[in-house]
Amino acid sequence: MRKPVIVGNWKMNKTVSEAKELLEAIKKSDLDSEVEAGVCVPAIDLCAASKILDDGVVKFGGQNMYFEESGAFTGEISPLMLTDIKADYVILGHSERRDIFGEDDKLINEKVLSAFDHDLTPILCCGESLEEREADKQEEKVKAQIEADLKDVSEDDVKKLIIAYEPIWAIGTGKTASSDDAEAMCAFIRNLIAELYSKEASEAVRIQYGGSVKPANVKELMAKENIDGALVGGASLKAEDFAALVNHRK
Ligand code: PEP
């Protein structure tokens with residue numbers, strides 16, 4: 001049985017003082033313990049998340065990292081820095097990292113391998129652009145991303161992975177993929193993991209949908225067989241909405 005997993009991606013939002021307030025409010029929320037809940041916060045807010053979410057009820061993580069442990073990599077944070085403060089996750093390959101900051105699959109693959117080496121759970125993002133969707137190339141695109149990003153990743157590690165399928169045209173736009181389209185792509189990804197690894201690995205890997213998920217549509221998405229969770233941007237920035245997403249079964 002795969003545990004549902006709802007993770008907030010705060011992106012570049014919340015100063016440290018704002019983050020503390022939101023983290024305290026999230027901590028006070030009454031959250032369904034059958035659902036794994038987490039927040040991925042800006043690097044500067046990570047220490048506050050570590051301190052405030054110290055009971056582990058709500059997990060936390062970074063939104064990116066470099067693959068080396070330390071060194072001359074100005075502006076980066078490392079897997080050691082994340083594990084030192086007991087982070088659980090790291091988002092890797094978000095479309096904003098790929099498109100705005102030019103990250104390619106080779107770099108993302110190095111990061112995925114490094115995250116597993118440090119016992120961090122990668123939330124590996126993939127997804128097609130609007131042009132690719134209109135040309136019916138979404139499967140081709142996502143297959144190429146996943147094959148490259150998971151190069152040399154072991155079957156044991158893949159079982160611990162979270163994959164976030166995020167069609168780029170649905171991120172931050174208010175346009176959600178229909179629950180049928182989201183399910184079709186999540187099923188495609190699960191079959192791909194079965195082909196690349198094994199049926200067992202495909203049944204263990206957790207696949208999230210991301211793209212304008214909100215309290216109003218989370219239930220319908222989460223009812224789909226192959227959607228195990230959601231990676232949520234905008235709607236995760238209010239404690240009330242975040243709690244409603246986590247509590248979608250109540
Ligand atoms: C995201 O940041 O991964 C995301 C899906 O954003 P939003 O929910 O705002 O579309």
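Residues numbered from 1 in each chain as written. Predicted model: local features only at pLDDT ≥ 70, side-chain atom pairs only at ≥ 80, totals over all residues. Heavy atoms only, no water.

Engineer: I tried to follow the UniProt feature "binding site: substrate" (unreviewed entry) in the protein chain on my own but got confused; where do I start?
Structural biologist: As annotated by UniProt and renumbered to match this structure, "binding site: substrate" (unreviewed entry) occupies Asn9, Trp10, Lys11, Gly172, Ser212, Gly233 and Gly234. Sequence-wise these annotated residues cover 226 residues; spatially they are packed, their C-alpha atoms never more than 13.6 Å apart. As for its placement among the helices and strands, Lys11 is situated in the loop between strand 1 (5-9) and helix 1 (16-28). Those residues within four positions of Lys11 in sequence are excluded, and the remaining contacts are Pro42, Gln63, His94, Glu96, Ile171 and Gly233. In this fold, Gly233 is placed in the loop between strand 8 (229-232) and helix 12 (239-246). A relative accessible area of 18% means that Gly233 is categorised as buried. Excluding residues that lie within four positions of it along the chain, Gly233 makes contacts with Asn9 and Lys11. (UniProt positions renumbered as here; feature names shortened; annotations may be inferred. Helix = DSSP H or I, 4+ residues; strand = E, 2+ residues; numbered from the N terminus. Contact = heavy atoms within 4.5 Å. Buried < 20%, exposed > 50% of the residue type's maximum accessible area, 1.4 Å probe, protein only.)

Engineer: Is there a simple way to think about the site of the ligand in this case?
Structural biologist: Lining the immediate environment of the ligand, one finds 14 residues, of which Lys11, Glu166, Gly172, Ser212 and Gly233 sit closest. In this structure, Gly233 approaches the ligand through a main-chain N or O atom, which is 2.8 Å from an oxygen atom. One nitrogen or oxygen atom from the main chain of Gly234 is found 2.9 Å from an oxygen atom belonging to the ligand. When the ligand sits alone it has 300 Å² of accessible area, and the protein chains cover 96% of it. Considering only residue class, the shell around the ligand consists of four nonpolar, eight polar and two charged. (Near = heavy atom within 4 Å. Polar contact = N/O pair within 3.5 Å; in protein donor to acceptor, adjacent residues only side chain to side chain. Areas by Shrake-Rupley, 256 points an atom, 1.4 Å probe, with all protein chains shown as cover. Nonpolar A, V, L, I, M, F, W, Y, C, P; charged D, E, K, R; others polar.)

Engineer: Help me understand helix 1 in this model?
Structural biologist: Three or four residues apart is the spacing at which side chains of an α-helix point the same way, because the helix has 3.6 residues per turn. Over its 13 residues, helix 1 runs 18 Å from end to end, which matches the ideal 18 Å to within 8%, given 1.5 Å per residue. Along helix 1, the residues that are buried comprise Ala19, Leu22, Leu23 and Ile26. With its buried residues spanning 100° around the axis, helix 1 presents them on a single face. Among the exposed residues of helix 1, those oriented more than 90 degrees off its buried face are Ser17, Glu21 and Lys28. Where helix 1 is buried, its residues contact strand 2 (36-40), helix 2 (46-52), strand 3 (58-62) and helix 12. (Expected span 1.5 Å × (residues − 1). Arc of directions from axis to C-beta.)

Engineer: Sorry if this is basic, but what is going on with the environment of Gly8 here?
Structural biologist: Its place among the elements puts Gly8 in strand 1. Owing to a relative accessible area of 0%, Gly8 belongs among the buried residues under this scheme. Sequence separation between Gly8 and Gly234 is 226 residues, and the spatial gap between their C-alpha atoms is 8.4 Å. Not counting chain neighbours up to four residues away, the residues in contact with Gly8 comprise Gly38, Val39, Cys40, Val232, Ser236 and Phe242.

Engineer: What should I look at first to understand the nonpolar core in this one?
Structural biologist: Most often, soluble globular proteins keep nonpolar side chains buried together rather than apart. With 66 residues, the main nonpolar core has Ile6, Leu23, Val39, Ile146, Leu150, Ile189 and Tyr209 as its most contacted residues. Per-element accounting of this core gives the leading share, seven residues, to helix 9 (residues 179-196). Beyond its immediate chain neighbours, meaning those up to four positions away, Tyr209 contacts Tyr165, Pro167, Ala170, Thr176, Ala177, Ala182, Leu221, Ile227, Gly229, Ala230 and Leu231. Counting 10 residues, the second-largest nonpolar core is a separate cluster that includes Val7, Ile91, Cys125 and Ala164. (Core = buried A, V, L, I, M, F, W, Y, C linked by side-chain atoms within 4.5 Å.)

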